[in-house]
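# Structure assessment
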Amino acid sequence: MKPDISVAYSNDEKVKRSLKASFFDGVFASGMIGFTQEYFTPFLLLIGGTARHVGILNALHNLAASLTQLKSADLTAYLRYRKKMFNFIVFLQAFILLPMCLAALYCFASPFVFISLVVFFAGFGALALPAWGSLMSDLVPVDKRGVYFGWRNKITGLITVLVTLLAGLILNEVGSVNRFAAFAILFGSAFIFRLASWYFLTRMHEPALK
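Residues numbered from 1 in each chain as written. Predicted model: local features only at pLDDT ≥ 70, side-chain atom pairs only at ≥ 80, totals over all residues. Heavy atoms only, no water.

### A look at the environment of Arg203
With respect to the element layout, Arg203 can be found in the segment after α7 (179–202). In this structure, the C-alpha to C-alpha distance between Arg203 and Ser18, residues 185 residues apart in sequence, is 6.7 Å. Beyond its immediate sequence surroundings of up to four residues, Arg203 is in contact with Ala21 and Lys83. (Helix = DSSP H or I, 4+ residues; strand = E, 2+ residues; numbered from the N terminus. Contact = heavy atoms within 4.5 Å.)

This is the structure:
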């Protein structure tokens, strides 16, 4: 899949390279979402979670994402290094997936410990978004943002759907033999995809913050 960054109409090579990197970041980040977003609740139920635990998971997951964004823009403005900020946070988010994978691999996890991991996972993801969005707004001209992000989101959205279906097939096939092993594959794959996403984020150019 070749990224068509011509929609941004930029002659700056640094910008072109950054938009290509952003595209591949989106591809792998979408893969990570496909392996995780719809499968946290099933794993919580597998390790003994109840309806109460599911309610807590969904409430805290959304609350963490919302609360972290309240101050993330201020933090970005204070630090003034957007790339370093979101690269560090995305790196942390990737490694949150490791204990999830190990919990599935060794068939052991407490519902509340797993909920805490998901909350941190969601919080780190939301915290990185404003800094990334600020950087992208400097790379893509105002009059081309609709075209570029529409094209980019169309592809990444499709990837999320396809990977979600693939994850379901893995759970169905591998889960018929060992359900914990199936979730270990999902969370391990999400970890690899997020690391790949982080790598492409590090390849982006950061213009001076105005």
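Here the narrative resumes.
### Some words on helix α5 (residues 111–139)
For α5, spanning 29 residues, the distance from its first C-alpha to its last is 42 Å, which sits close to the expected 42 Å at 1.5 Å a residue. Of all the bends in α5, the greatest, near 30 degrees, is centred on Leu129, and the proline Pro130 appears no more than four residues after it. (Expected span 1.5 Å × (residues − 1). Bend = angle between axes of the 7 residues up to and from the residue.)

### What about unusual backbone geometry?
One non-glycine residue with positive phi stands out, namely Cys107, at about 55 degrees. With respect to the helices and strands, Cys107 occurs in the loop between α4 (82–105) and α5. The exposure class of Cys107 is partly exposed, given its relative accessible area of 43%. (Buried < 20%, exposed > 50% of the residue type's maximum accessible area, 1.4 Å probe, protein only.)

### Quick look at the pattern of salt bridges
Taken as a whole and judged by the stated rule, the model has four salt bridges. The residue Glu13 makes a salt bridge to Lys16 at a minimum N-O spacing of 3.9 Å. Here Glu13 pairs with Lys16, and both are found in helix α1 (residues 13–36), just three residues apart, close to one helical turn. Notably, a salt bridge pairs Arg82 with Glu206, separated by 3.4 Å at the nearest N-O pair. Of this pair, Arg82 sits in helix α4 while Glu206 sits in the segment after α7, and the two are 124 residues apart along the sequence. Under the relative-accessibility criterion, Arg82 is labelled buried at 0%. The network of salt bridges with common partners includes Arg82, Asp138 and Glu206. (Salt bridge = Lys/Arg side-chain N within 4 Å of Asp/Glu carboxyl O.)

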